[in-house]
Amino acid sequence: MFSPCFAFKNTPAEEQIEKIKAELKEVETAYKAYAESSEDVREDKWVELLVEIGDVQVACDTLMYILGTNTPTRDAVRQLVYEKNNARGYYDECP
């Protein structure tokens, strides 16, 4: 389960948004390294990519925390997002 980085509770929201942008750039770089990797390092690059994606999620959770949410509120927001996406049919196909 992801959790906000509580150490950054006093970070201005604008700075955290910049952090999210920086983390997204790291995802892009990691994806490129994964896509261009040879078979012998592909799994390592895949794990690195997934970790960078997780970093984005944590940075977003941290922004929600900075904006004054608690865990139940963040969970409720995730439920709202799920319901919105479900109503749009985004989950209609199973992997």
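For the structure itself, look to the data block above.
Quantities reported herein were computed from a predicted structural model and do not represent experimental measurements.

Engineer: Got a minute to help me understand the side chain of Thr62 in this structure?
Structural biologist: Here Thr62 is to be found in helix α2 (residues 42–66). Residue classification places Thr62 among the buried residues on the basis of a relative accessible area of 1%. Ignoring anything within four residues of it in the chain, the contact list for Thr62 reads Pro4, Cys5, Phe8 and Gln16.

Engineer: Whenever I open this one, the packing of aromatic side chains confuses me. Can you help?
Structural biologist: The geometry of an aromatic ring pair comes down to the distance between the two centres and the angle between the two planes. By the definition in use, this model includes 3 aromatic pairs. Where Phe6 meets Tyr65, the ring centres are 5.0 Å apart and the plane angle is 85°; that geometry is what we call edge-to-face. Taken together, the positions of Phe6 in the segment before α1 (13–35) and Tyr65 in helix α2 put the pair 59 residues apart, joining distant regions of the chain. Its relative accessible area of 42% is what places Phe6 among the partly exposed residues. Note on Tyr31 and Tyr34: the rings are 6.2 Å apart at their centroids and 50° apart in plane angle, and the pair reads as tilted. A residue pair is termed a helical-turn pair when its members lie 3 or 4 positions apart in one helix, as Tyr31 and Tyr34 do in helix α1 at 3 residues. Judged by its relative accessible area of 47%, Tyr31 falls in the partly exposed class. Between Arg42 and the ring centre of Tyr34, over which it is positioned, the NZ or CZ distance is 4.4 Å.

Engineer: How do you make sense of α2 when you look at a structure like this?
Structural biologist: Owing to its 3.6 residues per turn, the α-helix aligns residues three or four sequence positions apart on the same side. Between its terminal C-alpha atoms α2 stretches 36 Å, which fits the 36 Å expected from 25 residues at 1.5 Å a residue. Listing the buried residues of α2 in full gives Leu49, Glu52, Gly54, Val56, Val58, Ala59, Asp61, Thr62, Leu63 and Ile66. Lining the buried residues of α2 we find α1 and α3 (71–87). The first or second residue beyond α2 is Gly68, which carries a positive phi of 100°.

Engineer: Please explain a nonpolar patch on the surface as it appears in this structure.
Structural biologist: Nonpolar side chains collect at one region of the surface, where Trp46, Val47, Leu50, Val51 and Ile53 lie side by side and expose about 430 Å² of accessible area between them. Assignment of secondary structure puts Ile53 in helix α2. Exposure remark for Ile53: the relative accessible area of 35% places this residue in the partly exposed category.

So, how was this worked out
- Residues numbered from 1 in each chain as written.
- Predicted model: local features only at pLDDT ≥ 70, side-chain atom pairs only at ≥ 80, totals over all residues.
- Heavy atoms only, no water.
- Helix = DSSP H or I, 4+ residues; strand = E, 2+ residues; numbered from the N terminus.
- Buried < 20%, exposed > 50% of the residue type's maximum accessible area, 1.4 Å probe, protein only.
- Contact = heavy atoms within 4.5 Å.
- Phe/Tyr/Trp six-rings, centres within 6.5 Å; stacked < 30°, edge-to-face > 60°.
- Lys NZ or Arg CZ within 6 Å of the ring centre and 35° of its normal.
- Expected span 1.5 Å × (residues − 1).
- Patch = residues over 30% accessible without salt bridge, like charges linked within 9 Å, V, L, I, M, F, W, Y side chains within 5 Å.
- Areas by Shrake-Rupley, 256 points an atom, 1.4 Å probe, with all protein chains shown as cover.
- Salt bridge = Lys/Arg side-chain N within 4 Å of Asp/Glu carboxyl O.

Geometric values such as these leave the question of function open.
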